[in-house]
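In case you want the letters, here they are:
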Amino acid sequence: MGMSINKHRSMRIAKIVQGYPSNPGSCDEAVSDILTDLMHYCKANDEDFTRALEMARENFAEEVAEDEDYSS
């Protein structure tokens, strides 16, 4: 069996997190910086970050529930 789509998603974003200009070796800081920058992006473009985050949480819950092989 191939890699689950959620594992693929995790690996895809890992490239972004690892390459983000934060404190080297600090995944938490990189993720925080990415989220902060997304908040700035949304504010500058009149987008609703809070709603986008709510949608992401809903999508994540559905995707994890649908993937029997996915473990957090």
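1. Notes on the overall build of the chain
- Looking only at helices and strands, one finds three helices and zero strands in the chain.
- Split into buried and exposed, the 72 residues of the chain put 12% on the buried side.
- Residue pairs at least 24 apart in sequence account for 30% of intrachain contacts in the chain once pairs closer than 6 positions are excluded.
- In the form shown here, the chain has an accessible surface area of approximately 6,100 Å², with 54% of it arising from carbon and sulfur atoms.

2. Comments concerning the pattern of salt bridges
- This structure, assessed with the given rule, holds three salt bridges.
- Measuring nitrogen to oxygen at the nearest pair gives 3.2 Å for the salt bridge that ties R51 to E54. Of this pair, R51 and E54 both sit in helix α3 (residues 49–66), three residues apart, which is roughly one turn of the helix.
- Overall, the relative accessible area of 36% leaves R51 in the partly exposed class.
- Several salt bridges share partner residues, and in doing so they unite R51, E54 and E58 into one network.

About the cut-offs
- Residues numbered from 1 in each chain as written.
- Predicted model: local features only at pLDDT ≥ 70, side-chain atom pairs only at ≥ 80, totals over all residues.
- Heavy atoms only, no water.
- Helix = DSSP H or I, 4+ residues; strand = E, 2+ residues; numbered from the N terminus.
- Buried < 20%, exposed > 50% of the residue type's maximum accessible area, 1.4 Å probe, protein only.
- Contact = heavy atoms within 4.5 Å.
- Areas by Shrake-Rupley, 256 points an atom, 1.4 Å probe, with all protein chains shown as cover.
- Salt bridge = Lys/Arg side-chain N within 4 Å of Asp/Glu carboxyl O.

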